[in-house]
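# Descriptive structure summary
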Amino acid sequence: MNLNLSGQTAIVTGGSRGIGYAVCEALAKEGCDIAFLYASNAQKAEEAAASLSAYGVRVKAYCCHVEHEEEAASAVQAIKEAFGRIDILVNNAGITRDKLVNGMKETDFSDVIDVNLKGAFHMIRNVYPIMARARAGRIINISSISGLMGNAGQVNYSASKAGMIGMTKSVAKELTARGVTCNAIAPGFIVTDMTEKFTENEAVLSSIPVKRMGTPEEVGALAAYLCSPMAAFITGEVIRIDGGMAM
Ligand code: NAP
């Protein structure tokens, strides 16, 4: 399937590893230039940028903590200047601070909301005028089935991911008439650094009808499809990719 993304520029937050890297790779394979953000691991970001460049597209990594409004604004401005256009935004950066409610500190709650939810808001707000003016664009928010089902030990995380779903639908209602679609992807257990402690966990595996965890590449392929012209009729949607776990 040719998704026809050549000549476009995508911003992917948290693109240096895990699901974000796989999204960058899926888009780069379709000819899309990539500007990705990372938070702290510059060496990993450099390695990721080098691997993505092998697809013959322009790639640049930016250190940007999305929870800080000014950093998000400067990153979007720098990307617009360097690449000349912004067609796609994938809000993927996310963190966990899992604890039962009675042991959860105020900062465990606010840090997760700030990065996962407010960070996505900052990025959307900064690309909004660019996409609205171009009357074209794709925004994808990486939520989670935790935001659909809730999860013990994740009151902060599930609240942030449920918030992203509300944000997705509101942005879709504001922007779809101006040619910009906005959708959420809700992954289940995907093999990344975030979930490495679960890969051999029998209870987790038996709760997934497909009987395995998903791969970042499976999420990347879905994101690339949603970014393509073929997905122009999908907006305000939440697509689970979870091996059937939340059905
Ligand atoms: P990961 O392997 O932990 O990677 C996180 C990425 O986000 C890294 O590139 C990291 O950069 C970056 N990042 C962290 N904090 C950031 C910040 N404040 N600002 C900008 N970038 C930041 O995560 P993952 O498992 O691939 O998950 C990616 C997304 O999918 C998250 O939103 C997560 O909630 C969601 N998700 C994951 C799963 C799963 O099973 N893995 C399931 C459902 C949803 P540094 O390396 O520089 O810190």
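The coordinates are above.
Quick caveat, the model's predicted, so the values are computed rather than measured.

Moving on, we get to the pairing of strand β3 (residues 59-63). For strand β2 (residues 33-38) and β3, the ladder comprises five bridges, and the chain directions are parallel. Along β3, the bridge assignment pairs Ile 34 with Val 59. Running through helix α2 (residues 42-53), the crossover from β2 to the neighbouring parallel element β3 is right-handed.

Quick look at the nonpolar core now. Ranked by size, the top nonpolar core spans 35 residues in total, and within it Leu 27, Ile 34, Phe 36, Leu 52, Ile 140 and Ile 185 carry the most contacts. Secondary structure elements with two or more residues in this core: β1 (9-13), α1 (18-29), β2, α2, β4 (88-91), β5 (137-142) and α8 (216-227). The biggest single contributor to this core is α1, with seven residues. Once residues within four sequence positions are removed from consideration, Phe 36 is found in contact with Val 12, Gly 15, Ser 16, Cys 24, Ala 45, Ala 48, Ala 49, Leu 52, Val 59, Lys 60, Ala 61 and Tyr 62. If you look at the next biggest cluster of nonpolar residues, it comprises 32 residues, including Ala 35, Val 127, Met 167 and Ala 172.

Here we come to the pattern of salt bridges. Where charged atoms from two side chains of opposite charge come close, those side chains can pair. One pass over the full model with this rule turns up six salt bridges. Of the charged contacts in the structure, one is a salt bridge between Arg 17 and Asp 193, with a shortest N-O distance of 2.8 Å. Separated by 176 residues along the polypeptide, Arg 17 in the loop between β1 and α1 and Asp 193 in the loop between β6 (180-187) and α7 (202-206) bring together distant segments of the chain. With a shortest N-O distance of 2.8 Å, Arg 85 and Asp 87 are connected by a salt bridge.

This next bit is on the packing of α1 against α8. Two elements in contact, α1 and α8, have axes whose closest approach is 8 Å; the angle formed by their N-to-C orientations is 50 degrees. Taken together, α1 and α8 sit at an angle that is classed as oblique. You can see that α1 and α8 cross each other, and the crossing is right-handed. Judged by residue contacts, Gly 18, Ile 19, Ala 22, Val 23, Ala 26 and Leu 27 of α1 engage Pro 216, Glu 217, Val 219, Gly 220, Ala 221, Ala 223, Ala 224 and Cys 227 from α8. Its residues assigned to classes, the contact of α1 with α8 shows eleven nonpolar, two polar and one charged.

Here we take up the pairing of β2. Two faces make up the sheet, and in a regular strand the side chains alternate between them. β2 sits mainly inside the fold: six of its six residues count as buried. Side chains of β2 alternate between two faces, with Asp 33, Ala 35 and Leu 37 and Ile 34, Phe 36 and Tyr 38 buried alike. The sheet contact formed by β1 and β2 spans five bridges and is parallel. Looking across to β2, one finds that Thr 13 is bridged to Leu 37. Regarding topology, α1 serves as the crossover connection from β1 to the parallel β2, and that connection is right-handed.

Calculation rules
Residues numbered from 1 in each chain as written. Predicted model: local features only at pLDDT ≥ 70, side-chain atom pairs only at ≥ 80, totals over all residues. Heavy atoms only, no water. Pairing = 2+ DSSP bridges. Helix = DSSP H or I, 4+ residues; strand = E, 2+ residues; numbered from the N terminus. Right-handed = clockwise from strand over helix to strand, strands pointing away. Core = buried A, V, L, I, M, F, W, Y, C linked by side-chain atoms within 4.5 Å. Buried < 20%, exposed > 50% of the residue type's maximum accessible area, 1.4 Å probe, protein only. Contact = heavy atoms within 4.5 Å. Salt bridge = Lys/Arg side-chain N within 4 Å of Asp/Glu carboxyl O. Axes fitted to C-alpha atoms, helices over the stretch in contact; angles between N-to-C directions. Parallel < 35°, antiparallel > 145°, perpendicular 65-115°, else oblique. Left-handed = near helix turned anticlockwise from the far one by under 90°. Nonpolar A, V, L, I, M, F, W, Y, C, P; charged D, E, K, R; others polar.

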